[in-house]
Amino acid sequence: MTWLITGGAGYIGAHVVELAKSSGRNLVVLDDLSSGISSRLRNDIELVETTLLDSASVNRVFDEHKISGVLHLAAKKRVGESVERPDYYWQENVGGIQNLLSAMKTHGVKNFVYSSSAAVYGQPDVLFGALITEETPCAPINPYGATKLEGEVLSRAMAESGGIKVAALRYFNVAGAGRAELGDQYIFNLVPIVFDALERGEQPIVFGNDYSTSDGSCIRDYVHVQDLADAHIAAMEFVEKSDPGFTAINIGTGQGASVFEVLAMIQDVTGISIDPIIGERRKGDPAALVADVRLSKELLGWQSSRDLRAIVTSAWDAWKLGHK
Ligand SMILES: NC(=O)c1ccc[n+]([C@@H]2O[C@H](COP(=O)([O-])OP(=O)(O)OC[C@H]3O[C@@H](n4cnc5c(N)ncnc54)[C@H](O)[C@@H]3O)[C@@H](O)[C@H]2O)c1
């Protein structure tokens, strides 16, 4: 029995692949290497280099392997790019999952773990201090988040029609590295953005210090990518042994960290003094986004175990190895 991991050469996917392999799973990776890096995969991992948009190639993977479950991480994930090229994001993210689910249906494969995102919630209308539950209404505010939600809508419909069993993992802010070689290579999230500024001898910008939070900066829920990898294994085992229909599950820590707290941790870990520039608030930035994580504990028996220091330390080790 083999797990198919799409996007397995990507930042998060490579952590999932490594953990699945070390826990004795047979697996095959499908990745078009559009942002993935093949050297993230050990030599004994089979990589099928193709796009999910090529449905003949996707079906061939199912023909040639005894796939028992699919962990679907492949997607385009740049919010800004999605605003400029929404049609491309629909084609890649929605077209990709559509081909994949059709191939699963054709081959009678039922177990599905989907990389969703907290981006499906958009700017949730919750009282300050309240946690985001899976019942919080989904209202994405950019095309990227909308495509992640479309993937949920389609997989839910296919679960309801009796075809598949789905755990849709709504990740909050993913950061860190399981080992330095697997780190995130792109500069789109707070931690690498700050590293990048510091490396160029500049100070990072804090977008708004007048939110109604304890120190005025925005609060987010940062989850270590290695904890996230653990959650994927737990999610696939959950889907394999039960019949959840379609279940969306938040993957976070349940603890928020403010931008100033992250900066203080970065200063501590790197030893580089930080005196941030205070900028204007950014449009569409909610004051706080923190996951209610009761469902992941209850259904998956999973909770995060690594703290902000572990996230920043491992991310810094990865950054020092090189980035794009
Ligand atoms: N990184 C985050 O903070 C975050 C947060 C929430 C959700 N997610 C989701 O997690 C998943 C993985 O994200 P990541 O951070 O590892 O990104 P990544 O860009 O490092 O990995 C995505 C992988 O998918 C591959 N890919 C993209 N389009 C493909 C296609 N059409 N066919 C085949 N392969 C394709 C890429 O080559 C890459 O290896 C994505 O679905 C993303 O939406 C990420």
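Keep in mind the model is a prediction, meaning the values are calculated, not measured.

Draft legend 1. Looking closely at the pattern of salt bridges. Per the stated rule, a full pass over the model turns up 19 salt bridges. For Glu 18, the salt bridge is made with Arg 179, and the minimal N-O distance between the two is 2.7 Å. Taken together, the residues Glu 18 in helix 1 (residues 11-22) and Arg 179 in the loop between strand 7 (173-175) and helix 6 (190-199) connect sequence positions 161 residues apart. Under the relative-accessibility criterion, Glu 18 is labelled partly exposed at 22%. Of the charged contacts, one joins Arg 306 and Asp 230 as a salt bridge, the two residues approaching to 3.5 Å between their closest N and O atoms. With Arg 306 in the loop between helix 9 (294-300) and helix 10 (308-321) and Asp 230 in helix 7 (residues 225-241), this residue pair connects regions lying 76 residues apart in the sequence. Taking the relative accessible area as the measure of exposure, Asp 230 reaches 27% and is therefore partly exposed. One salt-bridge network, in which partners are shared between bridges, spans Glu 18, Arg 179 and Glu 181.

Draft legend 2. Up close: the sheet that holds strand 14 (residues 288-289). Across the sheet, which stays open at both edges, the 3 strands sit in the order 12-9-14 with mixed pairing between neighbours. Pairing within the sheet leaves two strands with one partner each, and these edge strands are strand 12 (257-258) and strand 14. Bridge analysis of strand 9 (residues 219-220) against strand 12 gives 2 bridges, and the strand direction is antiparallel. Bridge pairing in strand 12 places Ile 219 opposite Ser 258.

Draft legend 3. Representation of the domain arrangement of the protein in the model. When its domains are assigned, the protein resolves into domain 1 (2-175 + 222-252) and domain 2 (180-220 + 255-293 + 306-321). Between domain 1 and domain 2, the C-alpha centre-to-centre distance is 25 Å. Of the residues lining the interface, 30 residues belong to domain 1; the matching set on domain 2 comes to 28 residues. Carbon and sulfur atoms make up 64% of the area that domain 1 and domain 2 hide from each other, which totals about 2600 Å². For the pair domain 1 and domain 2, the number of links is 3 salt bridges.

Here is what the cut-offs are and how they apply
Residues numbered from 1 in each chain as written. Predicted model: local features only at pLDDT ≥ 70, side-chain atom pairs only at ≥ 80, totals over all residues. Heavy atoms only, no water. Salt bridge = Lys/Arg side-chain N within 4 Å of Asp/Glu carboxyl O. Helix = DSSP H or I, 4+ residues; strand = E, 2+ residues; numbered from the N terminus. Buried < 20%, exposed > 50% of the residue type's maximum accessible area, 1.4 Å probe, protein only. Pairing = 2+ DSSP bridges. Domains from an automatic or database assignment. Contact = heavy atoms within 4.5 Å. Buried area = accessible area lost by both parts, 1.4 Å probe.

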